[in-house]
Amino acid sequence: MEVGFLGLGIMGKAMSMNLLKNGFKVTVWNRTLSKCNELVAHGASIGKTPAEVINKCKVTIAMLSDPAAALSVVLDKDGVLEQICGGKGYIDMSTVDPETSCKINEAITSKGGQFLEAPVSGSKQPAETGQLVILAAGDKALYEAAIPAFDILGKKSFFLGQVGNGAKMKLVVNMIMGSMMNAFSEGLTLADRSGLNPRDLLDVLDLGAIANPMFKGKGPAMLQNNYSPAFPLKHQQKDMRLALALGDENSVPMPVAAASNEAFKKARSMGLGDMDFSAVFETLKVLKHSS
Ligand SMILES: NC(=O)C1=CN([C@@H]2O[C@H](COP(=O)(O)OP(=O)(O)OC[C@H]3O[C@@H](n4cnc5c(N)ncnc54)[C@H](OP(=O)(O)O)[C@@H]3O)[C@@H](O)[C@H]2O)C=CC1
Ligand SMILES: O=CCCC(=O)O
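Residues numbered from 1 in each chain as written. Chains lettered and ligands numbered in written order. Predicted model: local features only at pLDDT ≥ 70, side-chain atom pairs only at ≥ 80, totals over all residues. Heavy atoms only, no water.

The name that an unreviewed UniProt entry assigns to the protein chain is 6-phosphogluconate dehydrogenase NADP-binding domain-containing protein, with the source organism given as Gossypium stocksii. On record in UniProt, under Function (unreviewed entry), the comment for the protein chain is "Catalyzes the NADPH-dependent reduction of glyoxylate to glycolate as well as succinic semialdehyde (SSA) to gamma-hydroxybutyrate in vitro. May function in redox homeostasis and play a role in oxidative stress tolerance by detoxifying glyoxylate and SSA generated in glycolate metabolism and GABA metabolism, respectively." (UniProt positions renumbered as here; feature names shortened; annotations may be inferred.)

Here is the structure:
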């Protein structure tokens, strides 16, 4: 099967590489074109613009940073819309808000193309090993056609109905994850400041009812001030912001998420946006202990 792939950041690079290694023919494009070279060394072809990729491929996947990037790649000059037409499918796997996804859907379907949103749960390593959780919504026929690719990229795919539902599910999941990361950071700090060994806290947490892969995976690195980015903090803050907007629209009070968003904003203001989102832990270190 031949697919196009737009956006070779942390996730897009790992996902397109995985497709290549599993026998897919892949044509890639990235805004910074030099990032295509590694994929080409593994057998990918390059499209010089999103339009060129769409022209070449029946199905094209996008994995882009945020709503502005997702819209720009579709609507701007040399974008997806210039070549999309009947018989072609576009699958946006970026994390965006439902409104952005609906705008893209309208643009693609107005030209006769098929559209599926399919944001993912899971980070760099699951992307490398094909263990993502795919949250798809939109064109059911395109979803079914994409299953061979989704089976390579993920361990489980959900079809959630109309466009917007995939985006909503993803934002709810990441809102919970971002709040958990803040509670975890506060717990590590409280353990340390009150004279406990935070490593003991990691062991205790791992044996109890709130054990989870995120605490287990990120905790030891956080205690070594290692925030090598798997999920960049700027994207987590974007997701909290978009989840809070969804809360506004649905009159859902979310004081925990709002406080977490403020912590991520503070971390961005400290220059930590490109670090892993666990770097929000650093926001607690600027407060010195006082008696
Ligand atoms: N990292 C993770 O753990 C996960 C991330 N996600 C989501 O997946 C998406 C991608 O994440 P990730 O790979 O980590 O992000 P990166 O920041 O590593 O990559 C972002 C990609 O978007 C491109 N891009 C940014 N702005 C534009 C623009 N205006 N026009 C065209 N291309 C643009 C970048 O191109 P360039 O190289 O030129 O800058 C790059 O290819 C995000 O929506 C994120 O929230 C979802 C699940 C997990
Ligand atoms: O959007 C990013 C999700 C990261 C994860 O699920 O580990």
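Now that the structure is up, let's keep going.
A. Focus on the site of ligand 2. Inspection of the region around ligand 2 gives Ser121, Gly122, Ser123, Lys170, Asn174, Met177 and Phe231 as its neighbouring residues. Between ligand 2 and the protein, one listed contact pairs an oxygen atom with a backbone N or O atom of Gly122 at 2.8 Å. Take Lys170: an N or O atom from its side chain is 2.8 Å from an oxygen atom of ligand 2. Protein chains bury 81% of the 240 Å² of accessible surface belonging to ligand 2 in isolation. (Near = heavy atom within 4 Å. Polar contact = N/O pair within 3.5 Å; in protein donor to acceptor, adjacent residues only side chain to side chain. Areas by Shrake-Rupley, 256 points an atom, 1.4 Å probe, with all protein chains shown as cover.)

B. Representation of the site of ligand 1 within the structure. Asn30, Thr32, Lys35, Ser123 and Ala230 are the nearest of the 26 residues found near ligand 1. Here an oxygen atom of ligand 1 sits 2.8 Å away from a polar atom, N or O, in the main chain of Met11. For ligand 1, whose accessible area on its own is 900 Å², the fraction buried by protein is 88%. The set of elements that each furnish at least two residues to the shell around ligand 1 consists of α1 (10-21), α4 (67-75) and α11 (233-249). (Helix = DSSP H or I, 4+ residues; strand = E, 2+ residues; numbered from the N terminus.)

C. Here's a closer look at the pairing of strand β9 (residues 154-159). Pairing geometry for strand β8 (residues 132-138) and β9, over five bridges, is parallel. When the bridges of β9 are listed, Leu135 appears paired with Phe158. Taking the sense of rotation as the criterion, the β-α-β connection linking β8, helix α7 (residues 140-153) and β9 turns out right-handed. (Pairing = 2+ DSSP bridges. Right-handed = clockwise from strand over helix to strand, strands pointing away.)

D. Fine view of the UniProt feature "active site" (unreviewed entry) in the protein chain. Listed under "active site" (unreviewed entry) in the UniProt record, and renumbered for this structure, are Lys170. Residue placement: Lys170 occurs in helix α8 (residues 165-193). The buried category is assigned to Lys170, whose relative accessible area is 6%. Once residues lying within four places of it in the same chain are set aside, the contact partners of Lys170 are Thr95, Pro119, Val120, Ser121 and Leu135. (Buried < 20%, exposed > 50% of the residue type's maximum accessible area, 1.4 Å probe, protein only. Contact = heavy atoms within 4.5 Å.)

E. Structural context of the environment of Leu242. With respect to the secondary-structure elements, Leu242 resides in helix α11. For Leu242 and Glu144, which are 98 residues apart along the polypeptide, the C-alpha to C-alpha distance reads 28 Å. In this structure, Leu242 is in contact with Pro67, Val96, Asp97 and Leu171, ignoring residues within four places of it in sequence.

F. Structural view of the nonpolar core. Counting 33 residues, the largest nonpolar core has Phe5, Met15, Leu19, Ile91, Met93 and Phe150 as the members making the most contacts within it. Those elements giving two or more residues to this core turn out to be β1 (2-6), α1, β2 (25-29), β4 (59-62), β8 and α7. Every residue in contact with Met93, bar those within four places of it in the chain, is listed here: Met15, Ile61, Ala62, Met63, Ala118, Pro119, Val120, Ile134, Phe150 and Leu153. Listed in part, the 28 residues of the second largest apolar core include Leu171, Met240, Phe264 and Ala279. (Core = buried A, V, L, I, M, F, W, Y, C linked by side-chain atoms within 4.5 Å.)

G. Region of the structure containing the pairing of strand β6 (residues 114-117). Here four bridges tie strand β5 (residues 89-92) to β6, and the two strands are oriented parallel to one another. Across the sheet, the residue bridging to Tyr90 is Phe115, located in β6. Where the polypeptide runs from β5 across helix α5 (residues 98-110) and back to β6, its parallel neighbour, the crossover connection is right-handed.

H. The arrangement of the UniProt feature "domain: 3-hydroxyisobutyrate dehydrogenase-like NAD-binding" (unreviewed entry) in the protein chain in detail. UniProt records the feature "domain: 3-hydroxyisobutyrate dehydrogenase-like NAD-binding" (unreviewed entry) for residues 164-282 in the present numbering. Along residues 164-282, the helical share is 68% and the strand share 0%, with 34 Å between the first and last C-alpha atoms.

I. Seen up close, the domain arrangement of the protein chain. The domain boundaries assigned to the protein chain delineate domain 1 (2-161) and domain 2 (168-290). Just the C-alpha atoms count here: the centres of domain 1 and domain 2 sit 28 Å apart. With 16 residues of domain 1 at the contact, the number on the domain 2 side is 15 residues. On the domain 1 side of the contact with domain 2, Ile10, Thr95 and Pro98 bury the most area, a combined 35% of that side's loss. Inspection of the domain 1/domain 2 interface yields zero salt bridges. Inspection of the region where domain 1 meets domain 2 yields three residue pairs in polar contact (both at pLDDT 80 or more). Those elements that provide at least two residues to the side of domain 1 that touches domain 2 are α5 and β7 (120-121). (Domains from an automatic or database assignment. Buried area = accessible area lost by both parts, 1.4 Å probe. Salt bridge = Lys/Arg side-chain N within 4 Å of Asp/Glu carboxyl O.)

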